[in-house]
Structures are given as structure tokens and as C-alpha cells.
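Read off the chains here:
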Amino acid sequence: MTTAVHKARRPMPRWREYGRPRELAVRYLLLFIVLGITVGPLVWQLLASLKSTGEDVFGSNASLLPHHPTLRAYRQVFEQVPVATYIRNSMIVVVLSIASQLVFSTTAGYMLSKPGWKGRKAVWVVLVASMMFPFESIMVSLFLSIRDLGLVDSVVGVWLPGFVGAINVLLMRGAFLAVPRELEDSAMLDGANEWQRFRYLYLPSAWGAVLVVTVNTFISAWDDFLWPLIVLRSEDHMTLTLGLSRLQSSSFGYDQRVVMAGSVISVIPVLVLFVITQRWFYRGVSAGAVKL
């Protein structure tokens, strides 16, 4: 009797909580496939950038691992193009974009989360509808507007069309809707005005969504290539992704390893930021999805 009770109370093995062995094998197989598709190209670029001059990057004789690893390609990147200038310009665009996105997306999202004013639903519909149009469909009109403002070949011209995004407004709206109404009622009874409720109640409660907006804005502003290509002309104003694309021109003696090194340099800040903020990033995504 005691033995039967002991067996009945025996804790379930850890692996049984996640499914049967065959199901686990399928899950891990799919996980490795997705990992190879997403991370594989980046790893390949990194390994290719470390190859010496005598090693092939493409072709039947090319190997995945470098036989004689060297940082020669990275030194050539800094010698051939003004990387520091490109990074400075990209950081200016990133800082301006993050500042404007946080100010306008949080305030607009807060207003959209507040009931009782006319036109609220119409504004929400317009924001959702604006996300259905690709950037290429409005690219020409944006360029004409930037040209008329005299902002062609300037970092402000690169930043201005993306000073606020509809997706970020809707994300903040969803995060603010998740704040219990009772908390705001308590703050109103304590005498808190609109600004104080927004600053000390809603923003701290939606900190995860704010971080998501920051990370998304950083990535989109840092990696943007098409719009800077259209707006910028001189090398002194080029962003990092646009400037590093010059490494593929024949004037620098096109070297595949140098191009790979430039690509790795451009993606390092994004990877560092995501690794640091990934824990809060995923929490913010789930918070912003509530009642979106």
C-alpha cells in the first residue's frame, strides 16, 4: 500500500511537462531550422570577414571556417571609408528618431486610450489604415516635400519622415489601456491633474512598451538604407548603412571580405542593444498587445 502511494506521488519527470520525446524532437528540429535561417547568414558573414586574402569566400573551394583568421578586412574598412563620420550621422538620426517617437507616440497613445472625446475611433481607424500602405507608395511625395523644405542632403531630411510611427502609437495605446481604471480614479481623488497622471501613473506602468518603441525605433533608424539613399548626396552626411555600401564600388578595389566586415560592423550595435534589453523587450510586446 505504501509503495503504491509512493509511486502515485512520484513527481512527473521534467521532460514530460513539455511533451513526449517525439514531440520534443520535432520542436527542437524546427527551432534549429529557424535558427539556421535567421542567424546563419550573419554567422557566415562573420566567418567570411575573418578569412585571409588567399582564401575563397565563394565557389567550390570555399570553406565555412577561415583557415588563417585575420582582422585585415576590418582594418581596411576604417582605412577606405570614414566610418566615424558615418556612425556620427547615424547616431544623430537615431537620437532624433527615438526622442520624437517617444514624445509623440506616448502622448498620442495616451489620448487614444482615453474615452469620451469625439473622433477618437476615427483617428484610430486612420492610424490602422496608414499601416496598410507601403513606404514605396508615398516615397516620391515625401521626397518632394523634403526638397521643398530645403532638407535634401541633411540628416534632418533623413529623420523627419519617420518622426512618429502609427505602429508605435497603437502599441502605446494598448499598453495604456491595460492600466486599471481604478488606479486613475484613485489618483484623481488625490488631486493629480492630467499631466501628473500621465507622468507618474501611466508611463511607469507602460515602461515595457516604451522600451519596445525605443528598440524598434533604433533598429529601423539605424538599418534604414532606401530613404537615406534618396535624400543624401555628400559623403559627410551619409549614414553608416549607406556609407558602407560604397565598399562594393570598384573605386575601392571590390573585396568580398571587406564588404562582409562592413556588414558585421553595421549590425553589431543592434545586436548589443537587443541582447541588453531582450528581457524587457518581450514583456513590453506582450503588454502593448493587450486590447490593441
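To start, this report covers the structure provided alongside it.

Parameters at a glance
Residues numbered from 1 in each chain as written. Predicted model: local features only at pLDDT ≥ 70, side-chain atom pairs only at ≥ 80, totals over all residues. Heavy atoms only, no water. Phe/Tyr/Trp six-rings, centres within 6.5 Å; stacked < 30°, edge-to-face > 60°. Helix = DSSP H or I, 4+ residues; strand = E, 2+ residues; numbered from the N terminus. Buried < 20%, exposed > 50% of the residue type's maximum accessible area, 1.4 Å probe, protein only. Contact = heavy atoms within 4.5 Å.

**Focus: the packing of aromatic side chains**
Counted according to the given criterion, the structure contains 9 aromatic pairs. Taking the centre distance of 6.2 Å and the plane angle of 65° together, the rings of F176 and F198 count as edge-to-face. Of the two residues, F176 is situated in helix α8 (residues 166-177) and F198 in helix α10 (residues 194-205); the sequence distance between them amounts to 22 residues. As far as the burial class goes, F176 and F198 line up, both buried. In this structure an aromatic cluster arises from ring pairing among Y110, F176, W195, F198 and Y202.

**Observations regarding the side chain of R72**
Locating R72 in the fold gives a position in helix α3 (residues 72-80). Beyond its immediate stretch of four places on either side in the chain, R72 contacts T53, D255 and R257.

**A few points about the side chain of Q101**
Summarising the element assignment, Q101 is placed in helix α4 (residues 83-112). Classification of Q101 by relative accessible area gives buried; the value is 6%. Once you skip the residues sitting within four places of it in the chain, Q101 turns out to touch T106, G162, F163, V164, G165, N168, V213 and T217.

In short, geometric facts, not functional conclusions.
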